[in-house]
Amino acid sequence: MRKNILAANWKMNTSASEGLALFNEVKSGWNADPGGNLICIIAPPSTHLSLINADSEKGIYCAGQNCSDQDNGAYTGEISAVMLKSVGADFVIIGHSERRSIFGEKNNLLKRKVDAAIRNGLFPIYCCGEQQGEREDGNQEDVVRGQLQEGLFHLSAEDFGKVIVAYEPVWAIGTGMTATPEQAQEMHSFIRTVIEENYNKEIAMDTSVLYGGSCNPANANDLFANEDVDGGLIGGASLIAGDFLQIAKSLSSSIP
Ligand code: PGA
């Protein structure tokens, strides 16, 4: 179901005590949305998940940053969706560009990770987005279409309804180079069109599509004002509680 979502991707940052303090600061500053239309998802390092307490009444949930495509077994160093679920995660980020580029994760593996998440009751936050050269060549739509097609569109309509899509142009992640509001709207609307082509309009309109890539308190208002931008996946700015909460205000004030 389409919701306004502000998600924090802490990446490989914070010690356990720093993470707990950051989480508690965000939690105490987060204003619950009475209508339940605005939710907060925090993806700390997985080592912190059992220390922090999500609060669904306040609309605050936890996520893993990645999961294995396997549920258990001899896969040294891997963390499964079963394990994430067992320590309180309800969501998991899959296919973040750092997983794709640094760890070589390809769409066919990501597809199996999406399946593992859904099989174990986690909602996938599936990331897509083009690299700088791909945008320069005008290939952003083909790239994103391929990522969605190969990683998600095998799902039944019912299971696709559990997926959140995050559009994160790789050239904007951690670079300070945000997509313009027009570029974000164009791609989000394109993503909805592709979903409609593969499922139907109702499902396309019911999918939450988040923007990620150097989103901060200064640009959040303009990004979230777009009709097809349902929220953000925030990296750097999510490590400062005040900035993250400020971005949340932009999102809640953009809800009609
Ligand atoms: P950034 O990261 O906000 O630091 O650009 C976003 C992300 O990687 O999800």
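It should be noted that the structure appears before, not after, this text.
Concerning the site of the ligand
So, point 1. Lining the immediate surroundings of the ligand are 13 residues, of which Lys11, His96, Glu168, Gly174 and Ser214 lie closest.
So, point 2. Contacts to the ligand include Gly174, whose backbone N or O atom sits 2.6 Å from an oxygen atom.
So, point 3. Protein chains bury 95% of the 280 Å² of accessible surface belonging to the ligand in isolation.

Quick notes on the sheet that holds strand β3 (residues 60-64)
So, point 1. Spatial strand order, β1-β2-β3-β4-β5-β6-β7-β8: eight strands in a closed barrel with parallel pairing. Geometrically, the sheet is characterised by an average inter-axis angle of 25 degrees between neighbouring strands, direction not taken into account.

Re the nonpolar core
So, point 1. Counting 63 residues, the largest nonpolar core has Leu148 and Leu152 as the members making the most contacts within it.
So, point 2. Among residues more than four places away in sequence, those in contact with Leu152 are Val114, Tyr126, Gln147, Phe160, Val163, Val165 and Tyr199.
So, point 3. Among the nonpolar cores identified, the runner-up in size contains 14 residues, and Ala7, Ile39, Ile125 and Ala166 belong to it.

A closer look at a nonpolar patch on the surface
So, point 1. A cluster of nonpolar residues, Ile79, Val82 and Met83, forms a patch on the protein surface that exposes about 210 Å² of accessible area.
So, point 2. Along the polypeptide, Met83 turns up in helix α2 (residues 81-86).

Describing the packing of aromatic side chains
Given two aromatic rings, one states the distance between the centres and the angle between the planes to describe the pair.
So, point 1. Scanning all chains against the criterion turns up six aromatic pairs.
So, point 2. Judged by centre distance (5.8 Å) and plane angle (75 degrees), the ring pair of Tyr61 and Phe91 falls under edge-to-face. A residue pair is termed long-range when its members are at least 10 positions apart, and Tyr61 in strand β3 and Phe91 in strand β4 (residues 89-94) qualify at 30 residues.
So, point 3. Residue class for Phe91 comes out buried when judged on its relative accessible area of 6%.
So, point 4. Centroid distance Phe160 to Tyr199: 4.6 Å. Interplanar angle 25 degrees. Geometry classified as stacked.

The rules we used
Residues numbered from 1 in each chain as written. Predicted model: local features only at pLDDT ≥ 70, side-chain atom pairs only at ≥ 80, totals over all residues. Heavy atoms only, no water. Near = heavy atom within 4 Å. Polar contact = N/O pair within 3.5 Å; in protein donor to acceptor, adjacent residues only side chain to side chain. Areas by Shrake-Rupley, 256 points an atom, 1.4 Å probe, with all protein chains shown as cover. Pairing = 2+ DSSP bridges. Helix = DSSP H or I, 4+ residues; strand = E, 2+ residues; numbered from the N terminus. Axes fitted to C-alpha atoms, helices over the stretch in contact; angles between N-to-C directions. Core = buried A, V, L, I, M, F, W, Y, C linked by side-chain atoms within 4.5 Å. Buried < 20%, exposed > 50% of the residue type's maximum accessible area, 1.4 Å probe, protein only. Contact = heavy atoms within 4.5 Å. Patch = residues over 30% accessible without salt bridge, like charges linked within 9 Å, V, L, I, M, F, W, Y side chains within 5 Å. Salt bridge = Lys/Arg side-chain N within 4 Å of Asp/Glu carboxyl O. Phe/Tyr/Trp six-rings, centres within 6.5 Å; stacked < 30°, edge-to-face > 60°.

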